[in-house]
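# Fold and geometry: a report
This is what each chain is made of:
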Amino acid sequence: MAQEKILLVEDEKLIRWSLANRLSKEGYVVVEVDRGSEVLKVLEEQEIDLMLLDYRLPDTDGIQVLKTVGPKFRDLPVIMMTAYSTVESAIEAMKLGAFDYLNKPFEIDELLVTIQKALETTSLKRELSRYRRAQEERFGLGNLVGRNPKISEVFELVRKIAASSATTILLQGESGTGKDLLANAIHYASDRAKKPFMNITCSALPETLLESELFGHEKGAFTDAKTSKKGLFELADGGTVFLDEVGEIGPNLQSKLLRFLEDRTFKRVGGTVDIKVEVRIVAATNVNLEQAVAEGRFRKDLYYRLKVIPIFLPPLRERPEDIPLLVKYFIDHFNREFKKNTRGVSHAAMQALLEYPWPGNVRELKNLVERVMILENKEIIDVPDLPREILGQEPSRPAEQTFNLPPGGIVLEDVEKSLLEQALKRTGGNQTRAARLLGLTRDTLRYRLKKFELE
Ligand SMILES: Nc1ncnc2c1ncn2[C@@H]1O[C@H](COP(=O)(O)OP(=O)(O)OP(=O)(O)O)[C@@H](O)[C@H]1O
Ligand SMILES: [Mg+2]
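Throughout, a residue's number is its position along its own chain's written sequence, starting from 1. Each chain gets a letter, beginning with A, and each ligand a number, beginning with 1, in the order they are written. Owing to the predicted nature of the model, reporting of local features is limited to residues with pLDDT of at least 70; listing and counting of side-chain atom pairs is limited to 80 or more, with chain, interface and lining totals taken over all residues. Working from all heavy atoms in the structure, the side-chain values ignore hydrogens and water.

## Some thoughts on the sheet that holds strand β1 (residues 5-9)
Two strands pair under a simple rule: DSSP has to find at least two bridges between them. Put simply, DSSP marks the helices as runs of H or I at least four residues long and the strands as runs of E at least two long, and each gets a number from the N terminus on. The parallel open sheet is built from five strands, whose spatial order is β2-β1-β3-β4-β5. Of all the strands in the sheet, just β2 (29-33) and β5 (100-103) have a single pairing partner and so form its edges. With direction set aside, neighbouring strand axes in the sheet form an average angle of 20 degrees. Note: strand β3 (residues 50-54) against strand β4 (residues 78-82), four bridges, orientation parallel. Of the residues in β4, the one forming a bridge with Asp-54 is Met-81. Axis geometry follows a simple rule: fit a line to the C-alpha atoms, using only the stretch in contact for helices, then measure angles between N-to-C directions, giving values from 0 to 180 degrees.

## Some points on the environment of Ile-63
Note that Ile-63 resides in helix α3 (residues 62-69). For Ile-63 and Ala-90, which are 27 residues apart along the polypeptide, the C-alpha to C-alpha distance reads 9.4 Å. Between two residues, a contact is recorded if the distance between any of their heavy atoms is within 4.5 Å. Residues within four places of Ile-63 in sequence aside, it is in contact with Tyr-55, Met-80, Ser-89, Glu-92, Ala-93 and Leu-96.

## A few points about helix α5 (residues 108-139)
Expected span of a helix, by definition, is 1.5 Å for each gap between consecutive residues, and there is one gap fewer than residues. Helix length check: α5, at 32 residues, gives a terminal C-alpha distance of 46 Å against a target of 46 Å (1.5 Å per residue), a fit within 8%. Each residue's exposure class comes from its accessible area (1.4 Å probe, protein chains only) as a fraction of the maximum for that residue type: buried when under 20%, exposed when over 50%, partly exposed otherwise. Buried within α5 we find Leu-111, Leu-112, Thr-114, Ile-115, Ala-118, Leu-119, Thr-122, Arg-132, Gln-135 and Phe-139. Summarising the contacts, the buried residues of α5 are in contact with β1, α1 (13-25), β3, β4, β5 and α7 (179-188).

## Some details on the nonpolar core
Grouped together as the largest cluster of nonpolar side chains are 31 residues, with contacts concentrated most on Leu-214, Phe-233, Leu-243, Val-246, Leu-257 and Phe-260. At five residues, helix α10 (residues 251-263) tops the list of elements feeding residues into this core. Residues in contact with Leu-214, not counting those within four places in the same chain, are Ile-200, Gly-231, Leu-232, Phe-233, Leu-243 and Leu-253. For our purposes a nonpolar core is just a set of buried Ala, Val, Leu, Ile, Met, Phe, Trp, Tyr and Cys residues, chained together by side-chain atoms within 4.5 Å.

## Considering the environment of Asn-404
Secondary-structure assignment places Asn-404 in the loop between α16 (388-391) and α17 (412-426). Residue classification places Asn-404 among the exposed residues on the basis of a relative accessible area of 69%. With 175 residues separating them along the chain, Asn-404 and Lys-229 place their C-alpha atoms 68 Å apart.

## A look at the site of ligand 1
Not every one of the 18 residues close to ligand 1 is listed here, only the nearest: Val-145, Ser-175, Gly-176, Lys-179 and Lys-366. Here an oxygen atom of ligand 1 sits 2.8 Å away from a polar atom, N or O, in the main chain of Gly-176. Here an oxygen atom of ligand 1 sits 3.1 Å away from a polar atom, N or O, in the main chain of Gly-178. In the complex, the protein chains occlude 86% of the 640 Å² of accessible area that ligand 1 would expose alone. The criterion for a residue being near a molecule or strand is simple. One of its heavy atoms has to lie within 4 Å of it. As used in this structure description, the phrase polar contact means that two N or O atoms lie within 3.5 Å; if the pair is within protein, one of them must be able to donate a hydrogen and the other to accept it, and residues adjacent in sequence are counted only when both atoms belong to side chains. Only the protein chains shown count as cover for residues, and the accessible areas themselves come from Shrake-Rupley with a 1.4 Å probe.

## With respect to the domain arrangement of the protein chain
Partitioning the protein chain into structural domains gives domain 1 (5-131), domain 2 (143-314), domain 3 (317-391) and domain 4 (405-451). Computed from C-alpha atoms alone, the centre-to-centre distance between domain 1 and domain 2 is 44 Å. As annotated, the domain borders come from an automatic or database domain assignment.

## Section: the packing of helix α8 (residues 207-215) against α10
Viewed as axis vectors pointing N to C, α8 and α10 meet at an angle of 15 degrees, and their least axial separation amounts to 10 Å. What the angle tells us is that α8 and α10 run roughly parallel. As for how α8 packs across α10, the hand of that crossing is left-handed. Here α8 contributes Glu-207, Leu-210, Glu-211, Leu-214 and Phe-215 to the contact with α10, which in turn contributes Pro-251, Asn-252, Leu-253, Lys-256, Leu-257 and Phe-260. Residue classes in the contact of α8 with α10 are distributed as seven nonpolar, one polar and three charged. To sort the angles, those under 35 degrees are grouped as roughly parallel, those over 145 as roughly antiparallel, those from 65 to 115 as roughly perpendicular, and the leftovers as oblique. The handedness criterion is simple: a crossing whose near helix is rotated anticlockwise from the far helix by less than a right angle is left-handed, and one whose near helix is rotated clockwise is right-handed. Think of it as three bins: nonpolar holds Ala, Val, Leu, Ile, Met, Phe, Trp, Tyr, Cys and Pro, charged holds Asp, Glu, Lys and Arg, and polar takes everything else, Gly as well.

Right, here's the structure in full:
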């Protein structure tokens with residue numbers, strides 16, 4: 001194990017000597033200074049893990065040292081030692097970020113325990129902040145790829161929301177459009193980032209279990225409740241709770257959630273005390289909630305409560321211009337992950353990717369890039385490397401299919417118009433793919449769309 005380095009700031013020779021001696025025996029490396037003016041220099045030159053700071057120093061006092069050093073070395077745990085203890089100075093030292101405060105004379109064993117605690121706490125804090133930084137990097141706004149106007153609008157909105165005090169957000173969009181990603185981005189870009197982000201998939205649990213996960217429960221609330229337990233809303237206080245697949249919540253819990261959203265107050269299951277928390281709720285759904293409301297499966301009032309700020313993520317087929325960007329982004333990502341050297345996609349392969357309707361949206365695209373990069377160690381991904389379903393079938397020829405003329409006849413132009421409409425609908429308005437479905441060139445399709453005033 002690496003030896004931890006302690007900076008000992010103490011002017012009384014005898015105390016300094018005996019402390020240094022004992023600390024070295026315990027396996028610490030000790031750096032000694034006898035006045036405040038040297039502290040900063042040592043900290044700047046060496047990697048110090050902890051500082052033992054005497055209050056009374058010949059040139060200054062410990063509080064002044066804390067004031068100059070504290071802002072520059074936030075992560076450095078400081079233990080103050082003093083023979084002239086006053087409550088005020090102790091309070092001030094703690095306010096300035098000292099880890100603890102010991103009155104001389106103290107037992108050296110007491111000091112050793114305090115040092116250990118301080119070092120452990122600091123290393124936990126560092127680990128946590130490393131983890132947070134990794135999460136922030138992973139879910140930072142910089143990782144949202146897209147330049148389609150609608151998706152850019154969404155990203156802009158996310159930026160604004162993150163910085164705002166908005167407390168309830170509803171993300172709607174088909175599966176794989178990036179709802180999870182956005183929920184994380186909203187949290188990690190906000191000043192809540194240092195507080196918890198808790199995430200639960202509402203469809204994954206039976207209603208009663210979900211209720212106690214969200215609200216917590218008291219001991220004895222139900223047979224298995226052997227102890228009381230905090231729910232997500234309590235655990236995430238100050239942070240964000242992501243309710244995924246919120247459309248799947250049962251009617252009973254819907255009304256409880258509604259009550260909670262109104263004033264952020266709830267009772268644990270089996271509890272009598274009102275608990276108030278401050279959490280941001282990001283809810284997501286890939287079912288059409290409006291339709292669920294119309295069909296009586298989802299409470300209207302809850303729907304309106306949730307969609308204070310609605311965000312709609314458009315499906316990938318409606319933003320084909322994002323496909324090349326995403327492909328590049330995922331190739332870079334998997335190059336790093338798999339240590340590969342794929343450079344890109346051939347023009348023809350990109351054409352096929354642009355024409356495919358992506359029912360699984362960005363997730364399907366990401367999985368495809370991953371699969372091709374694992375299976376086909378190619379510098380440039382080409383058409384034969386793509387799976388069959390991407391390439392699609394050629395449109396069927398009339399010879400293989402008979403259209404029956406109704407007995408009374410039909411207006412050919414109506415048939416044509418109807419087929420054009422169907423093709424556009426199926427491809428989400430993508431003219432290139434609609435043309436392909438009809439065996440036309442894009443220009444011919446355009447011409448006919450104009451003719452039928454379908455543009
Ligand atoms: N705009 C984007 N830029 C970069 N990556 C994206 C983007 N949108 C989605 N992704 C990636 O695509 C994958 C699927 O996204 P995500 O899990 O957020 O979808 P979802 O909407 O939550 O889907 P579901 O409804 O199935 O839960 C993730 O790996 C995500 O990181
Ligand atoms: Mg999701």
